[in-house]
Amino acid sequence: MIPRKSIPPAVLERVRQAAGFRCGYCHTQQKYLGARLEIDHIKPLAKGGTDDESNLWLACPICNGHKSDKTTAIDPETGQSEALFNPRTQVWTDHFMWDTDYVHLLGLTSTGRVTIAALHLNDDPDALIARMNWVSAGWHPPKEDLPPDTA
Ligand SMILES: [Zn+2]
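First, a word on what this report is: a plain description of the structure on this page. (Residues numbered from 1 in each chain as written. Predicted model: local features only at pLDDT ≥ 70, side-chain atom pairs only at ≥ 80, totals over all residues.)

For the rest of this paragraph, the subject is the overall build of the protein chain. Broken down by element type, the protein chain carries five helices and six strands. Sequence-ordered secondary structure for the protein chain, helices as α and strands as β, is α-β-β-α-β-β-α-β-β-α-α. Compactness check: the protein chain gives a C-alpha radius of gyration of 15 Å against a globular reference of 15 Å for 151 residues, within 12% of the reference. Principal-axis analysis of the C-alpha atoms places the extent of the protein chain at approximately 50 × 35 × 30 Å. Evaluated residue by residue, the protein chain yields a buried proportion of 28% over its 151 residues. In the protein chain, the proportion of contacts linking residues at least 24 apart, taken out of those at least 6 apart, comes to 57%. (Helix = DSSP H or I, 4+ residues; strand = E, 2+ residues; numbered from the N terminus. Rg over C-alpha atoms; globule rule 2.2 N^0.38 Å. Buried ≥ 20, exposed ≤ 12 C-beta atoms within 10 Å, placed from the backbone. Contact = placed C-beta atoms within 7 Å.)

Written out as structure tokens, the structure reads:
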């Protein structure tokens, strides 16, 4: 096995900026997280993904932990396997929207639904409690997530 080179700091900084300092999945913002957002290998290393910048994004520790080496999941609505959301090449608002409580996500597409299920975006208790508190504080959701007429 060829030893992996570490990802250059300049690449990490570009990835953090491109991701808008948010988790690519649940949109947890770095400024409200008491931990550093992690580097997400969109295609997991375990599935042949690389450290190339085009395969890197940001994820919170909760999403990253649930994502693990998953690349697909079963859509609860259709029973079909579907690829998880790719935060680098797909547009978040095409696949997800916040429910009226701003705590739970709605999947607008099969991609959205499988990602919600696989990453436990709506049922990880630690994530839900934090999100509820951020909503109370007026810190969540990020205004880019809202339709233009409500932002
Ligand atoms: Zn997340």
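The next point concerns the nonpolar core. Burial of nonpolar side chains together is a common tendency in soluble globular proteins. Cys-23, Tyr-25, Cys-26, Leu-58, Ala-59, Cys-60 and Cys-63 are the most contacted members of the largest nonpolar core, which has 25 residues in total. Listing elements by their share of this core, those giving two or more residues are strand 2 (56-59), helix 2 (61-67), helix 4 (110-118) and helix 5 (125-137). By residue number, the principal contributor to this core is strand 2, which donates four residues. The contacts of Cys-63, once residues within four sequence positions are left out, are Cys-23, Tyr-25, Cys-26 and Leu-119. (Core = buried A, V, L, I, M, F, W, Y, C linked by C-beta atoms within 7 Å.)

With that settled, the discussion passes to unusual backbone geometry. Omega for the bond connecting His-140 with Pro-141 falls within 30 degrees of zero, at 0 degrees, which places this linkage in the cis form. Relative to the helices and strands, Pro-141 is located in the segment after helix 5. The backbone phi angle of His-27 is positive, close to 65 degrees, even though this residue is not glycine. With respect to the helices, strands and loops of the structure, His-27 is situated in the loop between helix 1 (9-18) and strand 1 (38-41). At His-120, a residue that is not glycine, the phi angle is positive and equals roughly 55 degrees.

One can find Leu-108 in the loop between strand 6 (105-107) and helix 4. Accessibility expressed as a C-beta count within 10 Å gives 13 for Leu-108, which makes it partly exposed. Once the C-alpha coordinates of Leu-108 and Thr-71 are considered, the two residues, 37 residues apart in sequence, prove to be 19 Å apart. When near neighbours in sequence (up to four residues on either side) are disregarded, Leu-108 contacts Asp-94, His-95, Phe-96 and Met-97.

Below, the discussion takes up the environment of Thr-50. When you line up the elements, Thr-50 lands in the loop between strand 1 and strand 2. Here the alpha-carbon distance between Thr-50 and Arg-4, two residues 46 residues apart in the chain, equals 9.4 Å.

Turning next to the pairing of strand 2. The two faces of the sheet receive side chains in turn, since in a regular strand these alternate between them. Every second residue of strand 2 is oriented toward a common face, with Leu-56 and Leu-58 on one face and Trp-57 and Ala-59 on the other, all of them buried. Sheet topology places strand 1 next to strand 2; four bridges connect them, and they run antiparallel. Counted as the bridge partner of Asp-40 is Trp-57 from strand 2. (Pairing = 2+ DSSP bridges.)

A word on helix 4. The periodicity of an α-helix, 3.6 residues per turn, causes residues three or four places apart in sequence to face the same way. Burial within helix 4 is extensive, with seven of its nine residues counted as buried. All of the buried residues in helix 4 are Thr-111, Gly-112, Arg-113, Val-114, Thr-115, Ile-116 and Ala-118. Contact partners of the buried residues in helix 4: helix 2, strand 3 (72-74), strand 4 (81-83), helix 3 (92-95), strand 5 (96-98) and strand 6. At the C-terminal side of helix 4, His-120 shows a positive phi close to 55 degrees.

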